[in-house]
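Listed below are the residues making up each chain.
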Amino acid sequence: MSDAPVFPQGFLWGAATAAHQIEGSPLADGAGPSIWTRFAHTPGMMLNGDTGDVACDHYNRWKDDVKLMRELGLQAYRFSVSWSRILPEGTGRVNQKGLDFYSRLVDELLANGIEPLLTLYHWDLPAALDDRGGWLNRDIADWFAEYGSVLFRALDGRVKKWVTLNEPWVVTDGGYLHGALAPGHRSRFEAPIASHNLMRAHGAAVKAYREIGKHEIGLVVNIEPKYPATDSAEDQAAVRRAHAYMNEQYLHPALLGHYPPELKEIFGEAWPEWPAEDYALIKQPLDFVGINYYTRSVTKAATSYPLNTGVVKQPLGTYTETGWEVFPQGLTDLLLWFKQTYGDLPVYITENGAAFFDPPTADVDAAGNRRVRDPLRMDYLRKHLSAIHDAIQAGVDIRGYMLWSFLDNLEWSLGYSKRFGMVHVNYGTQERTPKDSARWYSEVIRTHGRKL
Ligand SMILES: CO[C@H](O)c1c[n+]2c([nH]1)[C@H](O)[C@@H](O)[C@H](O)[C@H]2CO
């Protein structure tokens, strides 16, 4: 028997995407605009002026995409729903054609033996709600619960694994503090308010699910291990701030009912005192947590806004096209920290992957088959799956792995310049070509990890 890792029976192997990154047709069939429709059509916001108007045309090609998922042997598919397809004004009137799109998609997945994992919010807030304050308006907790309830009533039972939010940290840090993502605000006063309302909305949606749904619901966070650049007191303190800001800011209130104290230190007068009932709302019992892992940060004290930390590039490190260090050990370390800090709540790795330079068109090999050779991605994935197996062996309850991403897609404000897909997309022709990593992943799934 080879000593290759074998994953637990029932471990769920899949891949992930998000609505605005793959669907295209953002205003089709009565859908309302989202903040990303607006952001992408605001000059200067998107690299090369790219938009999500076409993307991977998944809104029209969804059936063939599900067929390809089956051919690749995926057991699960994590996707997100565009809120403004369901509720064009964000609340009130339901757009049945929007709901029908996702209902058909779920049925097609199930008919092909693929389990749907549905994310309610992957960053594409209805523009109509942004006009009413969006994540800065405390009413958004009710708006989000209303939206979630429409989907819970329509799809629960066919969908058995729900996620409320994808990465509240990125929504806040990118959308309200640094402005690199929609809605493009830059305020250390707005960021804590948006962040807190995101978590209130998460809690309100979980509460609503407990009244309507009969299956599982969780939260997806992006977390990243922070290692001190030196053992100096300044660098250790910088690690403490960076760790609290990214890794504890969302998991602590959701699972422990309080924020880490460092946030008050970081934001100072911009950190409000929240009412006790907010913490009770946020801390709803969860069935699982999704962890999105990409890289680590070697952290030092520095002058930066508002964290006063910096990341130290590793001279011997390997880096991806997005400038992230390849560091699989960080995933094992992080999963052990999660278990030690929050206990034995089930975990899914809901995103893991990398952008490397993949050619814009597929080659044709000697046998005439289109091929995209991506050895760096295969190496990245192999090492991270091995790191996950190490954590499982150490007792972390990891239930599944969703590779980011099923398709090359719109990398937000970086446009189509970064390719994360296991399947190559020729954006000119919309041709899909499974990369070598996809063929390899199929074998990993078929052998429960023995082919790592
Ligand atoms: C900062 O890394 C985050 O964990 C992260 C990385 N990623 C994400 N979050 C998002 O969930 C995806 O929509 C991105 O496409 C994907 C690749 O950038």
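That block above? That's the structure.
Along each chain, numbering runs from 1 in the same order as the chain's sequence is written. In view of the model being predicted, local features appear only for residues whose pLDDT reaches at least 70, and side-chain atom pairs are presented and counted only at 80 or more, with totals across whole chains, interfaces and linings using the full set of residues. Side-chain measures were taken over the full set of non-hydrogen atoms in the model, leaving aside hydrogen atoms and water.

Trainee: Before we go on, may I ask you to explain the overall build of the chain in this structure?
Mentor: The helix and strand labels rest on DSSP assignments: H or I over at least four residues marks a helix, E over at least two residues marks a strand, and numbering proceeds from the N terminus. Across its full length, the chain carries 15 helices and 15 strands. Whereas a compact globule of 452 residues would reach a radius of gyration of roughly 22 Å, the chain reaches 21 Å, a difference of no more than 12%. Along the longest, intermediate and shortest principal axes, the C-alpha atoms of the chain span 65 × 55 × 45 Å. Counting every position in the chain, which comprises 452 residues, the buried fraction comes to 63%. We call two residues in contact whenever any of their non-hydrogen atoms come within 4.5 Å of each other. In the chain, once contacts between residues fewer than 6 apart in sequence are set aside, the share between residues at least 24 apart is 77%. Only C-alpha atoms enter the radius of gyration, while the globule expectation follows 2.2 Å times N to the 0.38, with N the number of residues. Each residue is placed in one exposure class: buried if its accessible area under a 1.4 Å probe, protein chains only, is under 20% of its type's maximum, exposed if it is over 50%, and partly exposed if it falls in between.

Trainee: Explain the packing of helix 9 (residues 190-212) against helix 10 (residues 233-256) to me, please; I cannot follow it from the model alone.
Mentor: Working note: a packed helix pair is described by the angle between its axes plus the distance between those axes. As a packed pair, helix 9 and helix 10 sit with axes 11 Å apart at the nearest point and diverge in direction by 35 degrees. Our pair here, helix 9 against helix 10, has a crossing hand that is right-handed. Across the interface between the two elements, S195, M199 and H202 from helix 9 touch Q249, Y250 and A254 from helix 10. Across the contact of helix 9 with helix 10, the residue classes break down as three nonpolar, three polar and no charged. Helix axes are fitted to C-alpha atoms over the stretch in contact, other axes to C-alpha atoms as well, and angles between N-to-C directions run from 0 to 180 degrees. Put simply, a crossing is left-handed when the front helix is turned counterclockwise from the back one by less than a right angle, and right-handed when it is turned clockwise. Each residue is assigned to one class: nonpolar for Ala, Val, Leu, Ile, Met, Phe, Trp, Tyr, Cys and Pro, charged for Asp, Glu, Lys and Arg, and polar for all the others, Gly among them.

Trainee: Could you clarify how one ought to interpret the packing of aromatic side chains in this entry?
Mentor: For any pair of aromatic rings, the description rests on two quantities: the centre-to-centre distance and the angle between the ring planes. When the centres of two rings from Phe, Tyr and Trp lie within 6.5 Å, Trp using its six-membered ring, the rings pair. Their planes under 30 degrees apart give stacked, over 60 give edge-to-face, and anything left gives tilted. A full pass over the atoms with the stated rule returns 36 aromatic pairs. Arranged with centres 4.7 Å apart and planes meeting at 55 degrees, the rings of W36 and W412 form a pair that is tilted. Of this pair, W36 sits in helix 2 (residues 35-40) while W412 sits in the loop between strand 13 (398-404) and strand 14 (423-426); the two residues are 376 residues apart in sequence, bridging distant segments of the chain. Residues F152 and Y209 carry aromatic rings whose centres are separated by 4.9 Å and whose planes lie at 75 degrees to one another, so their mutual orientation is edge-to-face. Of the two residues, F152 sits in helix 7 (residues 140-155) while Y209 sits in helix 9, which places them 57 residues apart along the sequence. Y209 matches F152 in its accessibility class, with the two residues each being buried. Ring pairing ties together the aromatic residues W169, Y245, Y259, F267, W271, W274 and Y279, which thus form one cluster.

Trainee: Explanation requested: the sheet that holds strand 6 (residues 226-228) in the structure shown.
Mentor: A pair of strands is considered paired only if DSSP assigns at least 2 bridges between the two. In space, the three strands of this open sheet follow the order 6-8-9, with mixed pairing throughout. Both edges of this open sheet fall to strand 6 and strand 9 (309-311), since each of them pairs with a single strand only. Each neighbouring strand pair of the sheet contributes to a mean axis angle of 45 degrees, computed without reference to strand direction. Across three bridges, the pairing between strand 6 and strand 8 (residues 297-301) is parallel. Residue pairing for strand 8: K226 is matched across the bridge by S297.

Trainee: How should I be thinking about the pattern of salt bridges in this particular structure?
Mentor: Opposite charge on two side chains permits them to pair, given that their charged atoms come into close proximity. Any Lys or Arg side-chain nitrogen found within 4 Å of a carboxyl oxygen on Asp or Glu counts as a salt bridge. Within the structure shown, the criterion is met by 30 salt bridges. For D107, the salt bridge identified is with R158, shortest N-O distance 2.8 Å. One end of the pair, D107, is in helix 5 (residues 96-111); the other, R158, is in the loop between helix 7 and strand 4 (161-166), with 51 residues separating them in the sequence. Judged by its relative accessible area of 37%, D107 is partly exposed. Overall, R158 belongs to the partly exposed group, its relative accessible area being 27%. Among the salt bridges present, the one from R446 reaches E443, with a minimum N-O distance of 2.6 Å. Here R446 pairs with E443, and both are found in helix 15 (residues 436-446), just three residues apart, close to one helical turn. Assessed through its relative accessible area of 56%, R446 is described here as exposed. On the basis of relative accessibility, which here comes to 29%, the residue E443 falls in the partly exposed class. One network of salt bridges, with partners in common, ties together D358, D374, R377, D408, R419 and K435.

Trainee: What am I meant to see in empty space enclosed by the protein here?
Mentor: Over the atoms rolls a probe the size of a water molecule, and its path tells where empty space is left. Think of a 1 Å grid over just the protein atoms. A cavity is a set of points where a 1.4 Å probe fits yet cannot get out, a pocket is an open set with protein on both sides within 12 Å along at least five of seven lines, and lining residues have an atom within 4 Å of a point. Grid points are joined across faces, edges and corners, and a volume is the space filled by probe spheres set on the points. Evaluated as defined, the whole model comprises three cavities of 30 Å³ or more. Taken as a whole, the largest cavity spans an internal volume of roughly 100 Å³. Surrounding the largest cavity, 14 residues form its lining, H20, E23, P26, S82 and R85 being those nearest its centre. Looking at the lining of the largest cavity, the elements that each hand over two or more residues are helix 1 (19-22) and helix 4 (83-86). As a volume, the second largest cavity reaches approximately 50 Å³. Along its surface, the second largest cavity is lined by I35, W36, Y121, W123, W135, V170, V171, Y176, L181, A182 and P183. Mapped by element, the contributors of at least two residues to the lining of the second largest cavity are helix 2 and helix 8 (168-177). Residues of the lining of the second largest cavity, tallied by class, amount to eleven nonpolar, no polar and no charged.

Trainee: Would you explain the packing of helix 13 (residues 329-342) against helix 14 (residues 375-393) in this entry?
Mentor: Orientation of helix 13 relative to helix 14, taken along the N-to-C sense of each, is 30 degrees, at an axis distance of 8 Å. Put simply, helix 13 runs roughly parallel to helix 14. With respect to the hand of their crossing, helix 13 and helix 14 are arranged in right-handed fashion. Contacts between helix 13 and helix 14 involve L331, T332 and L335 on the former and, on the latter, H384, A387, I388, D390 and A391. If an angle is under 35 degrees, it is roughly parallel; if it is over 145, roughly antiparallel; if it lies from 65 to 115, roughly perpendicular; otherwise it is oblique.

Trainee: I tried to follow the side chain of E23 on my own but got confused; where do I start?
Mentor: Topologically, E23 is positioned in the loop between helix 1 and helix 2. Here R85 takes part through its side chain, which lies 2.8 Å from a polar atom of the side chain of E23. In contact with E23, other than residues within four places in its own chain, are V54, A55, D57, H58, Y59, S80, S82, R85, F101 and Y102. Here a polar contact means two N or O atoms within 3.5 Å. Within protein one must be a hydrogen donor candidate and the other an acceptor candidate, and residues neighboring in sequence count only if both atoms are side-chain atoms.

Trainee: Could you clarify how one ought to interpret the layout of surface pockets in this entry?
Mentor: Here the largest pocket defines a volume of roughly 1,200 Å³. The wall of the largest pocket is formed by 48 residues, among which W169, V170, E224, M246 and W324 lie closest to the centre. Mapped onto the lining of the largest pocket, the elements with two or more residues apiece are helix 8, helix 10, strand 8 and strand 9. Here the lining of the largest pocket gets four residues from one element, more than from any other, and that element is helix 8. Looking at the second largest pocket, its volume works out to about 150 Å³. At the level of secondary structure, the elements contributing two or more residues to the lining of the second largest pocket comprise strand 6, helix 10 and helix 13. Looking at the lining of the second largest pocket residue by residue, the class counts come to five nonpolar, two polar and two charged.

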